[in-house]
Amino acid sequence: MEAGFLPRAGFQALLDTLHRAGYRCVGPQVRDGAIVYDTLDKAGALPQGARDRQSPGQYRLEKTASPRYFSWANGPQALKPFLFTPREAMWRAERDVHGAIRFSEIRPAAEMLAVIGARACDLAALRLQDRHFLQGRFADPYYAARRKNIFLVAVHCTHPADTCFCASTGDGPRATQDFDIALSELDDGYLVQTGSDKGSAITAQLPLVPATDAQRRDSGQEVQEAARRQTRGLPSRNLRDVLFANLEHPRWENVAERCLSCGNCTSVCPTCFCHSETDETALDDHQSRHVRQWDSCFTQGHSYIHGMTIRADTRTRYRQWLSHKLGSWHDQYGRSGCVGCGRCIAWCPVGIDITEEAREICGGSDD
Ligand code: SF4
Ligand code: SF4
């Protein structure tokens, strides 16, 4: 629901209102040549005028004269690290003086967190992670505690990178659901939409003015143009059958000759959820912590079972990643595991492009 127009000078009021409501705000900021999320207290820390240039294996920022805070596509992070944290202790075991072992849960801190600048593709990935972590037979209490307390300020994307293809997966560039507030950025400010009661409570305290028809028209056109500019794409059909019918396709060997099995693609992917769990023993030998951390289907250890590694070579690891992401996700979650953010293309050190590999193995667009 449209709430009004927030002049850019009023952006600080959004942060201040969220702070007063008890949230720590995190927002996009330039760190080490990339746009990443960090604690955001002042609107002046946002990446005003920054543009990202992304291509296979390349991510570069440049400064423009644009007054906009969000005239870029995305950085290496999505919402994933805030909810499915890269590393966390889940329980501890302690041995008392009589030798009895006691287990105790380590409960996650449930911080109230407001994320500023979520993209439509990242909200689509969030829905997939919700399916995985919350809607299966066993809800993950660690993810659930953080999910309950997150406040999402989406910004519709108007500056897709060359690597983006969310229009072809149906996940962007306009955010349509799962936000508390959504912003359409124009040169002089923001059209503000609310998506929840929590969002309405915040926007009611902002210095909004009525939006004009010209602002509505311009914001709609910018998002449409962002979709039109995307040149990459994945076929919209379910690729499961064609992928599984091509498990011996020569392209798997071809991609294995380029792939380093580094796992970057799975780290930056907002939907990947593989993890490993280990027990870390304290030096006194009386305590241990059970720790979960992100893992990747590209590591040798990930498919180690019963004394052997199931996927011992890069060919079978890349095949596993692609055929799960674009194939068997349909069986598990009713859709593909790719939301078209393009991160795996830009952050792959050798520039492997998921859309190109899928095309080579599965054929053209929608045939
Ligand atoms: S597979 Fe690549 S393009 Fe698709 S959601 Fe993951 S990182 Fe983004
Ligand atoms: S596809 Fe690229 S990012 Fe992924 S494991 Fe291979 S080299 Fe690394």
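Going by the structure above, here's the rest.
A brief look at the structure comes next. (Residues numbered from 1 in each chain as written. Chains lettered and ligands numbered in written order. Predicted model: local features only at pLDDT ≥ 70, side-chain atom pairs only at ≥ 80, totals over all residues. Heavy atoms only, no water.)

## Section: the sheet that holds strand 6 (residues 87-95)
Read across the open sheet, the 4 strands follow the order 7-6-13-12; overall the sheet is antiparallel. Unpaired on one side and paired on the other, strand 7 (101-105) and strand 12 (275-281) mark the two borders of the sheet. When the angles between neighbouring strand axes are averaged without regard to direction, this sheet yields 20°. With 5 bridges connecting them, strand 6 and strand 7 associate as antiparallel partners. In the sheet register, Arg 92 faces strand 7, and the bridge partner there is Ser 104. (Pairing = 2+ DSSP bridges. Helix = DSSP H or I, 4+ residues; strand = E, 2+ residues; numbered from the N terminus. Axes fitted to C-alpha atoms, helices over the stretch in contact; angles between N-to-C directions.)

## Quick word on the environment of Pro 160
With respect to the secondary-structure elements, Pro 160 resides in the loop between strand 9 (150-155) and helix 5 (166-169). Judged by its relative accessible area of 8%, Pro 160 falls in the buried class. In sequence terms Pro 160 and Gly 172 are 12 residues apart; their C-alpha atoms lie 10.0 Å from each other. The contacts of Pro 160, once residues within four sequence positions are left out, are Ala 73, Ala 226, Arg 229 and Gln 230. (Buried < 20%, exposed > 50% of the residue type's maximum accessible area, 1.4 Å probe, protein only. Contact = heavy atoms within 4.5 Å.)

## Regarding the packing of helix 11 (residues 314-333) against helix 13 (residues 354-362)
Relative orientation of the contacting elements helix 11 and helix 13 amounts to 90°, with a least axis distance of 12 Å. Considered as vectors, helix 11 and helix 13 are oriented roughly perpendicular to each other. Contact residues: Tyr 318, Trp 321, Leu 322 and Leu 326 in helix 11; Ile 354, Glu 357, Ala 358 and Ile 361 in helix 13. Class assignment for the residues of the contact of helix 11 with helix 13 results in 7 nonpolar, no polar and 1 charged. (Parallel < 35°, antiparallel > 145°, perpendicular 65-115°, else oblique. Nonpolar A, V, L, I, M, F, W, Y, C, P; charged D, E, K, R; others polar.)

## As for the site of ligand 2
Within the structure, ligand 2 sits among 13 residues, and Cys 259, Leu 260, Cys 262, Cys 265 and Cys 348 are positioned closest to it. The residue makeup of the shell around ligand 2, split by class, is 10 nonpolar, 3 polar and no charged. (Near = heavy atom within 4 Å.)

## Brief notes about the pairing of strand 2 (residues 24-31)
Here strand 2 pairs with strand 8 (residues 113-118) via 3 bridges, running parallel. Bridge pairing links Cys 25 to Ala 114 in strand 8. Sheet analysis places strand 2 next to strand 3 (residues 34-39), joined by 6 bridges and oriented antiparallel. When the sheet's bridge partners are listed, Pro 28 is paired in strand 3 with Tyr 37. Counting the residues that bridge the hairpin from strand 2 to strand 3 gives 2 residues, and of these Asp 32 lies at a positive phi of roughly 50°.

## Describing the site of ligand 1
Around ligand 1 sit Phe 165, Cys 269, Pro 270, Trp 321, Cys 338, Val 339, Cys 341, Gly 342, Cys 344 and Ile 354, and that is every residue in its neighbourhood. Residues of the shell around ligand 1, tallied by class, amount to 9 nonpolar, 1 polar and no charged.

## Comments concerning a nonpolar patch on the surface
Taken together, the side chains of Trp 91, Ile 101 and Phe 103 define a hydrophobic patch exposed on the protein surface, amounting to about 350 Å² of accessible area. On the secondary structure map, Trp 91 appears in strand 6. Owing to a relative accessible area of 34%, Trp 91 belongs among the partly exposed residues under this scheme. (Patch = residues over 30% accessible without salt bridge, like charges linked within 9 Å, V, L, I, M, F, W, Y side chains within 5 Å. Areas by Shrake-Rupley, 256 points an atom, 1.4 Å probe, with all protein chains shown as cover. Salt bridge = Lys/Arg side-chain N within 4 Å of Asp/Glu carboxyl O.)

## Examining the packing of helix 3 (residues 120-134) against helix 11
Geometrically, a packed helix pair is captured by the angle between its two axes and the distance between the axes. Taken N-terminus to C-terminus, the directions of helix 3 and helix 11 make an angle of 60°; their axes are 11 Å apart at the nearest point. One finds that helix 3 runs oblique with respect to helix 11. Crossing of helix 3 over helix 11 shows left-handed handedness. Residues Leu 128, Arg 131 and His 132 of helix 3 pack against Trp 329, Gln 332 and Tyr 333 of helix 11. (Left-handed = near helix turned anticlockwise from the far one by under 90°.)

## Things to note about the pattern of salt bridges
Tallying each qualifying case throughout the model produces 31 salt bridges. The partner of Glu 105 in a salt bridge is Arg 107, and the shortest N-O contact between them spans 3.2 Å. Residue Glu 105 is classed as partly exposed on the basis of its relative accessible area, which comes to 40%. The exposure class of Arg 107 is exposed, given its relative accessible area of 64%. For Glu 253, the salt bridge is made with Arg 315, and the minimal N-O distance between the two is 4.0 Å. Of the two residues, Glu 253 sits in helix 9 (residues 250-258) while Arg 315 sits in helix 11, which places them 62 residues apart along the sequence. Assessed through its relative accessible area of 41%, Glu 253 is described here as partly exposed. Residue Arg 315 is classed as buried on the basis of its relative accessible area of 19%. One salt-bridge network, held together by shared partners, links Glu 88, Asp 140, Arg 146 and Arg 292.

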